[in-house]
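# Per-entry structural report
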Amino acid sequence: MEQKSHLVRNIIVVLTFVAVVIAFYILVGQDKTKLPSQLIDREIPKFQVEDLLKPGQFRTEADFLGKITLLNVWASWCPSCYVEHPYWKEYAKNKDLTLVGLNYRDTKPKALKFLAEQGNFFAWNLFDKNGRLGIDFGVYGAPETFIIDRAGKVRYRHVGVVTPEVYNNTILPLIEKIKKGF
Amino acid sequence: MNCSDVLNNAIRIGLVILLVLASINVAASIETYDFDDPELEARFQKLTAELRCPKCQNQNLADSDSDLSKDLKRIVYEKVKNGESDAQILSFMKERYGEFILFNPELNQSNAFLWAGPIIFLALALIFFLRWYSKNRVNEDD
Amino acid sequence: MHAEFGNYLLVLAFIVSVSLSILPMYGSFTGNQFLTRTAKPLTVIFFVALLASFICLVYAFYIDDFTIRYVAQHSNSLLPNRYKFSAVWGAHEGSFLLWVLIMSGWMIAVALVGKNLPALSYSRILSVLGMIACGFISFLLFTSNPFERTLPFFPIDGSDLNPLLQDFGLIIHPPLLYMGYVGFAVSFAFAVTGLIEGEWTSTWARWTRPWTIAAWSCLTLGIMLGSWWAYYELGWGGWWFWDPSENASFLPWLSGTALMHSLAVTDKRNSFKGWTLALSLSTFSLSLLGTFLIRSGVLTSVHSFTNDPERGRFILMFLAIVVGSALLLFLTRSGRVKTKVDFNILSKDMFLLLNNVLFVSATFIVLFGTLYPLIAEVFGKKMSVGAPYFNAIFPIPMVILFALLGVGPLLNWKKHNLSKLKKPLLSIAVIAVALSLLSTWLMGDFYLWVLVGLSLSLWVAISSFYHLNLMTRYKKTLAGKLKSLTLTNIGMTSAHIGVVITLAGIVLTSFYSIEKDLRMAVGESKELAGYTFNMAEVKDLRKENYQATQVTFEVFQNGEKLFELKPEKRFYLAGRQIMTEADIDAGFTRDLYVALGESLDSTGKVWSVRIYVKSFMRWVWLGALFMGFGGFIAMFDKRYRKLRSKNASKIVAEA
């Protein structure tokens, strides 16, 4: 009797140990620095921010309604943004998608120089000089990219460069889904 | 991978490292936040110590000098001065960055296991030990 | 040349460790005397090979050989020589070579000191250590080789050692810490051998004790140095962050503390063998777990090594094999070890066991809090568990522990008559609480935790001295009293006094320290806690590998100038990194700590400045010194030496 209960105990201990090792094994490869967005399936924050290229013209959350928007957070001080920027030229060809830039924690001359040199593929750019809008979006590092549906709800957030792989495998299927009304 | 791939990768990695290093500032940051009321100052210090810098490895806002931390600290400072409560400030942060930003996990149902786990463990350990003791105790007083 | 040589030596060490894991063990079971006796020579070769390999790497740093990737990434021609030396273990690969070297150091120590162990056990212990070393060294060779070349395109200069690590603390902190981590491998190997032989007696506990104490003392000092380094180098004035890397070192420390106490019971009373065995196995397992957590990047930590999943998986597999086999061995073999429970509630046995229950609970709390974010992540939630959590939960078992610590050492084994103790204990308690009330009153503000912490500290301290007095009551002179104490008693008292000095330091510094972020201009004065800080001068410096701005603060008290503090803002040339170098005036009752923020205007005469007045900061580390040295004293007790001089096999027969 005691032998048997010992056996059961031993098996439980060994199985637990194996489970812990497997759990660790799965966790090892994962990127620990990525944070999930708090805005998924929620409306974007309310704001009023000046347009980068049209001084005096203010944009609000209402400008995101009625279309599928890709909002890209970029800055002239962000090294990866230089890597990412040429891709926007390609992605801008997608007629289902409105590309909008959010110039984050930048100075106007530097931001304008960035666009002049790298090209401007965004329909319009928000100028978030002090980073407050970025914080409302939960931005913690540029570049970040949000996909916002017609109702102004955030559907997806990507941290880091939107490579063609991310674009084709994640963003395009999501756009199809949104178009179908999901 | 052939040789030129390796080289390309090495160059790319090197560039990234250089750019990152150029933008990193490992030193502790100190901005000044003036308070007339020492109580508000104490609250500010406590809050910035309990909020985690979202982009750093494992640092609180008080100790971190990333630009984002500075922004967030500024927000905490303004909110403390404007008379917002600790709970309001923490929930402002949580709404934007999630529970990740709270070094002090909330005492709520979903964290019940976290908070109660160790105490249950301690209690069970003591109970089991004392039960084992009384069960196995053999009296052989001389 | 040296790189290839160093690499060959690593390969040689690997082959030797494989032989060491197989030959003596096989020989010991087949009765092959020759194979059994290979344990010692193999251990010697292993150590020499690693030492030579390590020297090769040191040499590579010394001559700035940037064709070696590791050197190129972590050194620079401008780096001062002393830091070139410590840069050897400034990052993952080299520090792991140091780790393996220290492992071999422990092995050769066992080989030399343990000659009087029974011949078969001696060989088996070394063989078990060889198996562990074999895992470490294959990790080094296959995933983290420090001798890898950057050829053919090597850099002209290295990218420099992280400035945070260019510091005296880094020269000594890792070696001591690793000596602690790896040292527990010895008690692990003793336990495994005992389980294999199925005859784990109190003699085994007596053999294990000095090794465990040695490892524990190193770990204590290693952790202390880490805390001290973080305090003065990071510029945040903090000394413990409950960061995963700190917790990783704290876990084996807590478990090792339990082990030391449990070993005492097994040694003296020949009981709790199963429990002691389990602790021997789990302490080293926690060392390995810590290594895995930190070096795999599973947990984000301030001082994490570069994250490489390959390495993480390798250590994990190694950990799974080592811990898994130890677990299986324990589950199948320990059933034979039976314990007789023949002590009263009021007895040393009972209090030592309660110590164990509490230390194991404390270990669990730290482990649970550290791993909880990972558990949450498995369930799809990203969260943080930080200092506020640990500060709230960890004191619970500690308060009980310190309360018991005031009584435990005074008790006899097996049973104790309370009537003789009642009066002295009551007076000690009253004195402790009264003195704490007085000191909190003197400090000004009242905090319950300070009162509790101080009362417990005094309770244990006074009781320790009472205990010393009790043990030596028949000797008249002080010299006679001291002579009549065993080293174990002196060491134990020192460690217990040490831990309460630390406790007092922790509560006082946590509650009475003052922190101010100020804007100051040259010529301006600010007052803090009775000290006046006058910003006197701003000056630019140029040193070997950095430029700095140095600001001089004159510190006055009651109008009298005490000294100057000169914090710096440094710019390291090679890595283009900016660093804050705080300046600290350390004192017995307070530290004055000044760190520079940023220059606030273009003239460079206005700075943001952080000033701390840290009450009783030094006590935290002073206590750890007492603990560490207490351990070093205790391990030389005659009790363990006697054992060695006798014929060991006779002792086994006796027991």
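Residues numbered from 1 in each chain as written. Chains lettered and ligands numbered in written order. Predicted model: local features only at pLDDT ≥ 70, side-chain atom pairs only at ≥ 80, totals over all residues.

### Focus: the environment of isoleucine 400 of chain C
All names here are of chain C. Positionally, isoleucine 400 belongs in helix α15 (residues 395–405). Judged by the 17 C-beta atoms lying within 10 Å of it, isoleucine 400 falls in the partly exposed class. For the pair isoleucine 400 and lysine 273, spaced 127 residues apart in sequence, the C-alpha separation works out to 25 Å. (Helix = DSSP H or I, 4+ residues; strand = E, 2+ residues; numbered from the N terminus. Buried ≥ 20, exposed ≤ 12 C-beta atoms within 10 Å, placed from the backbone.)

### Looking at the interface of chain A and chain C
Taken together, the contact pairs 15 residues of chain A with 17 residues of chain C. Looking at side-chain class alone, the side of chain A that touches chain C contains ten nonpolar, four polar and one charged residues. (Contact = placed C-beta atoms within 7 Å. Nonpolar A, V, L, I, M, F, W, Y, C, P; charged D, E, K, R; others polar.)

### Regarding the interface of chain B and chain C
In this assembly, 40 residues from chain B lie in contact with 48 residues from chain C. At the level of secondary structure, the elements contributing two or more residues to the side of chain B that touches chain C comprise α1 (3–23), α2 (38–50) and α5 (112–136) of chain B. Top contributing element to the side of chain B that touches chain C by residue count: α5 of chain B, with eleven residues. Classifying every residue of the side of chain B that touches chain C by side-chain character gives 22 nonpolar, eleven polar and seven charged.

### Side note on the nonpolar core
A general tendency of soluble globular proteins is for nonpolar side chains to be buried together. Residues and elements named next belong to chain C. Core analysis: the largest hydrophobic core is formed by 260 residues, its most contacted members being Phe46, Val100, Met103, Met107, Leu129, Ala133 and Ala185. For this core, the leading source of residues is helix α9 (residues 202–233), giving 17 residues. Other than its neighbours up to four places away in sequence, methionine 103 contacts Ala133, Phe136, Val182 and Ala185. (Core = buried A, V, L, I, M, F, W, Y, C linked by C-beta atoms within 7 Å.)

### Remarks on the sheet that holds strand β9 (residues 590–599) of chain C
Residues and elements named next belong to chain C. Strand order in the open sheet formed by four strands is β1-β10-β9-β8, and the pairing between neighbours is antiparallel. The strands lining the two open edges of the sheet, one partner per strand, are β1 (514–521) and β8 (583–585). Strand-to-strand twist in this sheet, taken as the mean axis angle between neighbours without regard to direction, amounts to 20 degrees. Pairing geometry for β1 and strand β10 (residues 606–615), over eight bridges, is antiparallel. The residue bridging aspartate 517 from the neighbouring strand is arginine 610, located in β10. (Pairing = 2+ DSSP bridges. Axes fitted to C-alpha atoms, helices over the stretch in contact; angles between N-to-C directions.)

### Comments concerning the confidence of the model for chain B
When pLDDT is low, close inspection of the predicted coordinates is not appropriate. All names here are of chain B. In this model, chain B carries an average pLDDT of 79, and 75% of its residues clear a pLDDT of 70 or more. The spread of mean pLDDT over the elements of chain B runs between α1, the lowest at 44, and helix α4 (residues 86–97), the highest at 94. Taken as a whole, residues 1–29 scores under 50 in pLDDT and shows 30 contacts with residues more than four places along the chain or in a different chain. (pLDDT = per-residue confidence, 0-100.)

### A closer look at the sheet that holds strand β4 (residues 97–104) of chain A
Residues and elements named next belong to chain A. Across the sheet, which stays open at both edges, the five strands sit in the order β5-β4-β3-β6-β7 with mixed pairing between neighbours. With one partner strand each, in any of the chains shown, β5 (124–128) and β7 (154–159) form the two edges of the open sheet. This sheet shows a mean twist of 20 degrees between the axes of neighbouring strands, independent of strand direction. For strand β6 (residues 144–148) and β7, the ladder comprises five bridges, and the chain directions are antiparallel. In the sheet register, isoleucine 147 faces β7, and the bridge partner there is tyrosine 156. Packed onto the sheet, helix α5 (residues 164–179) meets β3 (68–74), β4, β6 and β7 and runs at close to 175 degrees relative to β7.

### A short note on the packing of helix α7 (residues 119–143) of chain C against helix α12 (residues 309–333) of chain C
All names here are of chain C. As a packed pair, α7 and α12 sit with axes 11 Å apart at the nearest point and diverge in direction by 165 degrees. Taken together, the axes of α7 and α12 are roughly antiparallel relative to one another. At the point where α7 passes α12, the crossing takes the right-handed sense. Contacts between α7 and α12 involve Ile132, Gly135, Phe139 and Thr143 from the first element and Glu310, Arg311, Phe314, Ile315, Phe318 and Val322 from the second. Here the contact of α7 with α12 is built from residues that sort into six nonpolar, two polar and two charged. (Parallel < 35°, antiparallel > 145°, perpendicular 65-115°, else oblique. Left-handed = near helix turned anticlockwise from the far one by under 90°.)

### Some points on α7 of chain C
Each full turn of the α-helix corresponds to 3.6 residues, which orients residues three or four apart in the same direction. Compared with an ideal rise of 1.5 Å per residue, which puts 25 residues at 36 Å, α7 of chain C spans 36 Å between its outermost C-alpha atoms and is within 8% of the ideal. Within α7 of chain C, 18 of the 25 residues are buried, which leaves the element mostly enclosed by the surrounding structure. (Expected span 1.5 Å × (residues − 1).)

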